[in-house]
Amino acid sequence: MAERALRGTRLGATSYENDRNTDLAPRQEVDYTCSKGHRFTVTLAAEAEVPMTWECRSCGANALRVDGELPQPKQGKAPRTHWDMLMERRTIEDLEEVLAERLAILRAQRKKTA
C-alpha cells in the first residue's frame, strides 16, 4: 500500500512539511541603500549584530544602513618595506662596507675571466 501512496511523487524535490504550529525565531528587518540608489531590506535574527554595510543585491556595491553612519576606517600600522627591515638591522656605514666587499669580490672574478 505504501508503494502506491508514493508512486508519482518526486521524493526529495518537494517538502510535505508545513509551517503550521511552529514558532519562528524573533527577527528584525534592516533597510540598506547603496550609492546607486538601490534600496533593499535584509531580515536578520533579533539578537544578531547588525552590520553597517551590506553588499547590494542589484549592483554588488557596498550599501549603507539607512539609519546608520559610515563606519570609520581602522587605523593600522603602515606596512614595513624591505628597506625598513634592513635599516632595523644595519646602519648606512655597515651597508657601505658590505657593498665595498661585494664589489671587490665581483671585480676579482671579472679579472680572472678576462
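Residues numbered from 1 in each chain as written. Predicted model: local features only at pLDDT ≥ 70, side-chain atom pairs only at ≥ 80, totals over all residues. Heavy atoms only, no water.

### Section: the nonpolar core
Piece 1. Val-30, Tyr-32, Cys-34, Phe-40, Val-42, Leu-44, Cys-56 and Ala-63 form the largest nonpolar core, which has eight residues in total.
Piece 2. Counting only elements with at least two residues in this core, the list comes to strand E1 (27–34) and strand E2 (39–45).
Piece 3. Those residues within four positions of Val-30 in sequence are excluded, and the remaining contacts are Phe-40, Thr-41, Val-42, Leu-44, Val-50 and Arg-65. (Core = buried A, V, L, I, M, F, W, Y, C linked by side-chain atoms within 4.5 Å. Buried < 20%, exposed > 50% of the residue type's maximum accessible area, 1.4 Å probe, protein only. Helix = DSSP H or I, 4+ residues; strand = E, 2+ residues; numbered from the N terminus. Contact = heavy atoms within 4.5 Å.)

### Things to note about the UniProt feature "binding site: Zn(2+)" (unreviewed entry) in the protein chain
Piece 1. Within this structure's numbering, the places UniProt gives as "binding site: Zn(2+)" (unreviewed entry) are Cys-34, His-38, Cys-56 and Cys-59. The largest pairwise C-alpha distance within this set of annotated residues, which runs over 26 residues, is 8.7 Å, so the set is compact in three dimensions.
Piece 2. For Cys-34, the location among the structural elements is in strand E1.
Piece 3. Residues contacting Cys-34, with those up to four places away along its chain left out, are Cys-56, Cys-59, Asn-62 and Ala-63.
Piece 4. Looking at the secondary structure, you find Cys-56 in the loop between strand E3 (53–55) and strand E4 (62–65).
Piece 5. Beyond its immediate chain neighbours, meaning those up to four positions away, Cys-56 contacts Cys-34, His-38, Phe-40, Ala-61 and Ala-63. (UniProt positions renumbered as here; feature names shortened; annotations may be inferred.)

### Observations regarding the sheet that holds E4
Piece 1. On the basis of which strands lie adjacent, the open sheet formed by four strands has the order E2-E1-E4-E3 and antiparallel pairing. The outermost strands of the open sheet, each flanked by one partner alone, are E2 and E3. Strand-to-strand twist across the sheet, computed as the mean angle between neighbouring axes with direction ignored, equals 40°.
Piece 2. Taken together, the three bridges between E3 and E4 define a ladder with antiparallel strand orientation. Within E4, the residue paired with Thr-53 across the bridge is Leu-64. (Pairing = 2+ DSSP bridges. Axes fitted to C-alpha atoms, helices over the stretch in contact; angles between N-to-C directions.)

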